[in-house]
Amino acid sequence: MSNLLEIQELSKTFDSVQALDDVTLSIKSGHIIGLLGPNGSGKTTLIKIICGLLQPTKGKVLVDGNPVGPKSKAIISYLPDKSYLNNNNTIESAIKTFKYFYDDFDESRASEMLSILNINPQHKLKTLSKGDREKVQLILVMSRRAKLYILDEPIAGVDPAARDSIIRTIINNCDPSVSVIIATHLIADVELVLDEAIFLQNGSIKLYQPVDTIRAEHGKSVDELFREVYKC
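Numbering of residues starts from 1 in each chain and follows the order in which that chain's sequence is written. This being a predicted model, a pLDDT of at least 70 is required before a residue's local features are given, and a value of 80 or more before pairs of side-chain atoms are given or counted; all residues contribute to the totals for chains, interfaces and linings. Calculated side-chain values reflect all of the structure's heavy atoms, with hydrogen atoms and water omitted.

1. Remarks on the pattern of salt bridges
Salt bridge, as used here: a side-chain nitrogen of Lys or Arg that lies within 4 Å of a carboxyl oxygen of Asp or Glu. Scanning the model with the defined rule gives 13 salt bridges in all. The shortest N-O distance in the salt bridge between Arg215 and Glu191 comes to 3.3 Å. Within this pair, whereas Arg215 is found in helix H8 (residues 211-218), its partner Glu191 is found in the loop between helix H7 (187-190) and strand E9 (196-201), the two being separated by 24 residues in sequence. Relative accessible area decides the class of each residue, using a 1.4 Å probe on protein chains only: under 20% of the type maximum gives buried, over 50% gives exposed, and in between gives partly exposed. Judged by its relative accessible area of 31%, Arg215 falls in the partly exposed class. Relative accessible area serves as the criterion here: at 8%, Glu191 is assigned to the buried category. With a shortest N-O distance of 3.3 Å, Lys220 and Glu228 are connected by a salt bridge. Given the relative accessible area of 27%, Lys220 is considered partly exposed. Secondary structure counts use DSSP, requiring at least four H or I residues in a row for a helix and at least two E residues in a row for a strand, with both numbered from the N terminus.

2. Notes on a nonpolar patch on the surface
Note on patches: the residues involved have over 30% relative accessible area and no salt bridge, like charges join within 9 Å, and the nonpolar side chains Val, Leu, Ile, Met, Phe, Trp and Tyr join within 5 Å. Computed with the Shrake-Rupley method and a 1.4 Å probe, the accessible areas treat only the protein chains shown as cover for residues. Taken together, the side chains of Tyr100, Phe101 and Tyr102 define a hydrophobic patch exposed on the protein surface, amounting to about 400 Å² of accessible area. Inspection of the secondary structure puts Tyr100 in helix H3 (residues 91-101). Note on Tyr100: relative accessible area 68%, which makes it exposed.

3. Concerning the sheet that holds strand E4 (residues 58-63)
Here four strands make up an open sheet; going across it, the order is E2-E1-E4-E5 and the pairing antiparallel. For this open sheet the edge positions go to strand E2 (17-27) and strand E5 (66-67), each flanked by a neighbour on one side alone. As judged from the two bridges shared by E4 and E5, these two strands associate in the antiparallel manner. Looking across to E5, one finds that Val63 is bridged to Asn66. Pairs of residues are marked as contacts when any of their non-hydrogen atoms sit within 4.5 Å. Angles shown run from 0 to 180 degrees and are taken between the N-to-C directions of axes, each axis being a line fitted to C-alpha atoms and, for helices, limited to the stretch in contact. Contacting strand E1 (5-14), E2 and E4, helix H1 (residues 43-50) runs over the sheet at an angle of about 120 degrees to E1. Should DSSP find at least two bridges between two strands, the strands are regarded as paired.

4. Describing the nonpolar core
One finds Val136, Leu151, Ile170 and Phe199 to be the most contacted residues of the largest nonpolar core, which totals 49 residues. Sort the elements by how many residues they give to this core and helix H5 (residues 130-142) lands first, with six residues. Other than its neighbours up to four places away in sequence, Val136 contacts Leu85, Ile91, Leu114, Ile119, Leu125 and Leu128. Nonpolar cores are built from buried Ala, Val, Leu, Ile, Met, Phe, Trp, Tyr and Cys residues. Side-chain atoms within 4.5 Å join them into one set.

So, in structure tokens, the structure goes:
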């Protein structure tokens, strides 16, 4: 099976700051991968390069065999770490915007998820709780029929109940043939749904293994190993 995502010797420097340092990894279809690391470890920089929002200083990225560009962007559905919706708009309006911009957007899928989570599409985003706004953003992203979903800190800043709901939304609406990359530093909340884990530290890959291998070889949960690796 060919790799869905192939990254070769990727580096990124901002002035004198080395954000990524010679990152090489490959990801196949059908996996949920945790991109794990503390703030400042390079997670968002790596994601933005994969999505074509930043240019690398050196190295190469291939998405389903395509270099970063229109073809790769068409098969990636990306949730950024900051809100990108107009809070004065209704959820229904946001759905129409996504349907206009993305040919693979499944409106019925979005409506079904909103119904399951008991969110009224007629409501304006500014009237929602922070947790429900996060859910709406995730629903829009997961309603695309993409091959690769990249979610940057999808559960940061929301309460534990909302985190559980967001994780369920990801899992219940994820086709077995696609891959999902979840960037987070909240390991315990996502560990049970992960197939693989990437530990990123100071812009370099510290570890990349299946979570079952981590538990077997290290005798620890992913969260426990993370705390050990990144302890001050």
